[in-house]
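Chain residues, written in single-letter form:
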Amino acid sequence: MSSNGHSRLKTLFEKVWDAHLVRPQTDDLPAVLYIDLHLVHEVTSPQAFTMLRERGLKVRRPDRTLATMDHSTPTIPRGADGIIPVHDQMAAAQLDVMRKNCADFGIPLYDLGTRNQGIVHVIGPEQGLTQPGMTIVCGDSHTSTHGAFGALAFGIGTSEVGHVLATQTLLQNKPKTMAVRIEGQLHAGVTAKDIILAIIAKIGIGGGTGYVFEYMGEAIRGLGMEGRMTICNMSIEGGARAGMIAPDDTTFQYIAGRPAAPQGAAWDAAVAKWRTLPSDEGAAFDSQVTLRADELVPMITYGTNPGMGMSITSRVPDPATLSDASQKLALDKALTYMGLQPNQPLLGKAVDVVFIGSCTNSRIGDLREAARFMKGRKVAEGVRMMVVPGSQQVKAQAEAEGLDMVFREAGAEWREAGCSMCIAMNGDQLQPGQYAVSTSNRNFEGRQGKGGRTFLASPLTAAATAVSGVITDPRTVMSERENA
Amino acid sequence: MDPIKTFTGTMVALPINDIDTDQIIPARYLKVTDKNGLGAACFSDWRYEADGTPKPEFPLNQVQYKNAAVLVGGHNFGCGSSREHAPWALIGAGFQAVISTYFADIFRNNALKNGLLPIVVDEATHQQLISLAQEDPTAAVTVDLAAQTVILPDGRAVTFPIDGFSKHCLLNGVDQLGYLLGMHHEAETYEANHPARVNTALVAG
Ligand code: SF4
């Protein structure tokens, strides 16, 4: 309510923000926000638990906290005992610390290899814990993924992990809002991943700094929840801490029946409430950007940040055409690292590794899409293809559908669930100089292994590339198959 | 945390745009369970050859920059991962402040929580500082948080923005968790008025 008594038009973000104010922001003080769900993983939490111990504090709401293991966990096959062996001593120690912290503080933990374990941003939606209108945080920048459900979800640092563990609240200054409109419909062979890579290429990796994105428009409404998660996941790659999508029937259908979803009368009440969340018609955004889905083709990155992306049919840009000295330097540096020449096409470029996985593209729909390509085909000689499901549940589902056999018969590796080569801290990594087409979200120098060189793309593009051994436009493979 | 006092320090420039936290501290160093000892790994992949020998051309390895307390980075410093290991590593490497034209949001928050000052200056000042650092490694700036100014060697004082609460906490050594803990009545009231949306105990294991 505004001071004159009638309610103001609000965006989705503002509705969620306002509903979580323990104390509103003032000129001198940030807002205190209540956090509905806190997700925890082994890499960014140990120091926060240490802080709690040092001060003799408890976890305020273990019942609104959930921990998993994903970043430093191996994805190698289980031993005869059914257990995933951890050979790296530092990783093993870190996992033990996570176990002890969860046991000492009463936090539920999805331990390595157990049936619900997986990447932190895959398990929340899978369990039905990620629901519209919630505030969700995690010591992980891709927490933005959960915004696909109309939640306000963002990554925090380890100090803030400690704040939320101890108080279930967080100090925040209110961000600005940006409407990101994707009008029109996607053509065949073009996916959610291509939309988000195109947005980031357009606005740059710092373009969303200080903002929360709200994705809207016909193309967004036409996506399923997995595609929406792929888009929100990479909001941070555009500089925005959070990206949100208004909940609709697609959202409700996805949540219905999941373990943590409301049941019976509570479900009906929840849905009625969720229907009030979408931005009011005419609500004001601080900024906006528009993209046409029907003009998009498959995207690929050529450089060392996710903003250095282009249509797969384009040529690598030429630093000589840039007027800004620092941009020129950045592109020069990126092309040197990538071993690419200005004006070179990427189509036909040989790759060493194809990685299908990560919280961007490791859900069952991603694996189905990739498997559709791989069926009856072989991974090209000299190419290593890794398929890493996002969670044990995704893995089990894929195996029930026989997708694992499609990948195995094609010559790909079918792995245990985890972050794997997205962050390369678990032993799954590129060798120096190797090229990879990867469905993950970051192509920073060394991200997938020291000296490794990453091209970010969709699962379709990754699968098409695995089969031909060179960067391939999936649309050409699709038409070949249709014509055969 | 100790209160931040006015300090004077020399600068080292890394005029590269979009320095991401994977460069500041590569992921393979994140298997630690404490905050200490990350300084030597700061910018590891830019700083060392494959065999571990320091690259002589990398500014942080040069003797004249060894004691620099202020890092001048390119635009959009600290983008990417939320790892707080990034400010821990920069502090471990001896830095008290980073200067850029703008910072990624999570990095800025993390830096402020650890007493590493993220200082935003205009483009012209940014360029001037980079040139200064490159031409004269002894050139020092004075950072006065209370006045929110960086004083350049020529005496010019440039103001920088910082939110009032962070400034108060840093100047007085106040820890933000203490403030939040002091709000537990408000949090209880909130909980009383807003039933839990989810219960993780129901989906444990
Ligand atoms: S899959 Fe990659 S981006 Fe996602 S949480 Fe894991 S490391 Fe981070």
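Worth saying up front: this structure is predicted, and the values here are computed from it rather than measured.

Asker: What exactly am I supposed to notice about the overall build of chain B here?
Answerer: Each helix and strand in chain B was counted, giving eight helices and seven strands. Once the C-alpha set of chain B is aligned to its principal axes, its extents read approximately 60 × 45 × 25 Å. Looking at chain B as a whole, 57% of its 205 residues are labelled buried. Considering only residue pairs separated by 6 or more positions, chain B has 64% of its internal contacts joining residues 24 or more positions apart. Carbon together with sulfur atoms contributes 52% to the accessible area of chain B, which is approximately 8,100 Å² in total.

Asker: Help me understand the confidence of the model for chain B in this model?
Answerer: If pLDDT is low for a region, its predicted coordinates should not be looked at in detail. Of the residues in chain B, 100% have a pLDDT of 70 or more, and the chain-wide mean is 96. For this predicted complex, the interface score ipTM comes out at 0.97, alongside a pTM of 0.97.

Asker: Could you clarify how one ought to interpret the pairing of strand β16 (residues 384-387) of chain A in this entry?
Answerer: A regular strand places its side chains so that they alternate between the two faces of the sheet. All names here are of chain A. Relative to β16, strand β15 (residues 353-356) runs parallel, the two being bridged by four bridges. Within β16, the position partnered with V353 by the bridge is R384. Here two bridges tie β16 to strand β17 (residues 413-414), and the two strands are oriented parallel to one another. Of the residues in β17, the one forming a bridge with M386 is E413.

Asker: Explain the site of the ligand to me, please; I cannot follow it from the model alone.
Answerer: Lining the immediate surroundings of the ligand are H71, I119, H121, D140, H142, S358, C359, C419, C422, I423, N441 and R447 of chain A. Mapping the ligand onto the cavity grids shows that it belongs to the largest cavity.

Asker: Could you clarify how one ought to interpret the environment of T230 of chain A in this entry?
Answerer: All names here are of chain A. Here T230 is to be found in helix α8 (residues 225-233). Measuring from C-alpha to C-alpha, the distance between T230 and T145 comes to 6.9 Å, with 85 residues separating the pair along the chain. Other than its neighbours up to four places away in sequence, T230 contacts A192, K193, I196, T360, N361 and R363.

Asker: Got a minute to help me understand the domain arrangement of chain B in this structure?
Answerer: Where interface size is quoted, it is often the accessible area lost as the parts come together. Domain assignment breaks chain B into domain 1 (6-174) and domain 2 (177-205). Taking only C-alpha atoms, the centre of domain 1 of chain B and the centre of domain 2 of chain B are 36 Å apart.

Asker: How should I be thinking about the sheet that holds strand β8 (residues 169-172) of chain A in this particular structure?
Answerer: Across a sheet, paired strands are connected by hydrogen bonds in the backbone, their directions being either parallel or antiparallel. Strand order in this open sheet of three strands is β1-β2-β8 (chain A), and the pairing throughout is antiparallel. The open sheet terminates on both sides in strands that have one partner only, identified here as β1 (21-23) and β8 of chain A. The average undirected angle you get between the axes of adjacent strands in this sheet is 40°. By the bridge criterion, two bridges tie β1 of chain A to strand β2 (residues 31-34) of chain A in an arrangement that is antiparallel. Across the sheet, residue R23 of chain A finds its bridge partner in β2 of chain A, namely V32 of chain A. Docked against the sheet, helix α8 (residues 184-193) of chain B engages β1, β2 and β8 of chain A, running at close to 150° with respect to β1 of chain A.

Rules of the game
- Residues numbered from 1 in each chain as written.
- Chains lettered and ligands numbered in written order.
- Predicted model: local features only at pLDDT ≥ 70, side-chain atom pairs only at ≥ 80, totals over all residues.
- Heavy atoms only, no water.
- Helix = DSSP H or I, 4+ residues; strand = E, 2+ residues; numbered from the N terminus.
- Buried < 20%, exposed > 50% of the residue type's maximum accessible area, 1.4 Å probe, protein only.
- Contact = heavy atoms within 4.5 Å.
- Areas by Shrake-Rupley, 256 points an atom, 1.4 Å probe, with all protein chains shown as cover.
- pLDDT = per-residue confidence, 0-100.
- Pairing = 2+ DSSP bridges.
- Near = heavy atom within 4 Å.
- 1 Å grid on protein atoms, 1.4 Å probe; cavity = no way out; pocket = protein on both sides within 12 Å on 5 of 7 lines; lining within 4 Å.
- Sits in = over half its atoms within 2 Å of the grid points.
- Domains from an automatic or database assignment.
- Axes fitted to C-alpha atoms, helices over the stretch in contact; angles between N-to-C directions.

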